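The chain contents come next:
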Amino acid sequence: MPFKDPAMRTAYRLKHYTNNRERYLERAKKQREQPGHKEYMDTIRRKCLLARYGITHDDYLAMAERQGGRCAICGSDNPGTKKSRYFDVDHDHKTGKVRALLCRNCNVTVGVVEGKSSLIRLIHAYLSSHVEFDPKEPEKSADA
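As the structure is a prediction and not an experimental result, all values here were calculated from the model.

## Thoughts on the layout of surface pockets
In step 1: As a volume, the largest pocket reaches approximately 710 Å³.
In step 2: Considering the residues around the largest pocket, the lining is formed by 20 residues, among which Met-41, Arg-45, Lys-83, Ser-84 and Tyr-86 are closest to the centre.
In step 3: Looking at the lining of the largest pocket, the elements that each hand over two or more residues are helix H3 (37-53) and strand E1 (88-91).
In step 4: Per-element accounting of the lining of the largest pocket gives the leading share, ten residues, to H3.
In step 5: When the residues that make up the lining of the largest pocket are grouped by side-chain class, the tally is nine nonpolar, two polar and nine charged.

## Notes on the packing of helix H1 (residues 6-19) against helix H2 (residues 21-33)
In step 1: With their axes 4 Å apart at the nearest point, H1 and H2 run at an angle of 80 degrees to one another. For the element pair H1 / H2, the angle class is roughly perpendicular. For the pair formed by H1 and H2, the contact residues are His-16, Tyr-17, Thr-18 and Asn-19 on the first element and Arg-21, Arg-23, Tyr-24 and Leu-25 on the second.
In step 2: The residue makeup of the contact of H1 with H2, split by class, is three nonpolar, three polar and two charged.

## Description of the environment of Pro-35
In step 1: Looking at where Pro-35 falls in the secondary structure, it is placed in the loop between H2 and H3.
In step 2: The class for Pro-35 is exposed, based on a relative accessible area of 80%.
In step 3: In sequence terms Pro-35 and Met-8 are 27 residues apart; their C-alpha atoms lie 37 Å from each other.

## Brief notes about the pairing of strand E2 (residues 98-102)
In step 1: The buried fraction of E2 amounts to four of the five residues, a majority that puts the element mostly inside the structure.
In step 2: One ladder, built from four bridges, connects E1 with E2; its direction is antiparallel. Within the sheet, the bridge partner assigned to His-91 lies in E2 and is Val-98.
In step 3: The turn joining E1 and E2, which pair antiparallel and follow one another in sequence, is formed by six residues; a positive phi near 80 degrees is taken by Gly-96.

Quick notes on the rules
- Residues numbered from 1 in each chain as written.
- Predicted model: local features only at pLDDT ≥ 70, side-chain atom pairs only at ≥ 80, totals over all residues.
- Heavy atoms only, no water.
- 1 Å grid on protein atoms, 1.4 Å probe; cavity = no way out; pocket = protein on both sides within 12 Å on 5 of 7 lines; lining within 4 Å.
- Points joined across faces, edges and corners; volume = space filled by probe spheres on them.
- Helix = DSSP H or I, 4+ residues; strand = E, 2+ residues; numbered from the N terminus.
- Nonpolar A, V, L, I, M, F, W, Y, C, P; charged D, E, K, R; others polar.
- Axes fitted to C-alpha atoms, helices over the stretch in contact; angles between N-to-C directions.
- Parallel < 35°, antiparallel > 145°, perpendicular 65-115°, else oblique.
- Contact = heavy atoms within 4.5 Å.
- Buried < 20%, exposed > 50% of the residue type's maximum accessible area, 1.4 Å probe, protein only.
- Pairing = 2+ DSSP bridges.

Shown next as structure tokens:
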């Protein structure tokens, strides 16, 4: 094996990808255009939903319908990524219990702040004390 050190192998692969990026992208595009690729990926997605979260695709669709096809936090109807047609399944990492469907932005934010409620309050207080008046922006009420 030419690279016994994993860091050297990773560096080589990254350099190779960078130098041959167009070739890699063209190959991936050809694979996506193959007949049956979408059906194959849907099958993989169904298996992942069941394995990761213990829900079926029908469960996912029922959750999406209950939420009106929108993110449970911000209400966006956009899943948040260019490639994905699906919302992320939010779940409690300790219990594994599924909570709701979220757009990518909200799901990442929840992942970062989960379990840090005191820190969130401090951040909110900090930002509130540093709000500056912008004459171009309409003033928001405290209730909003």
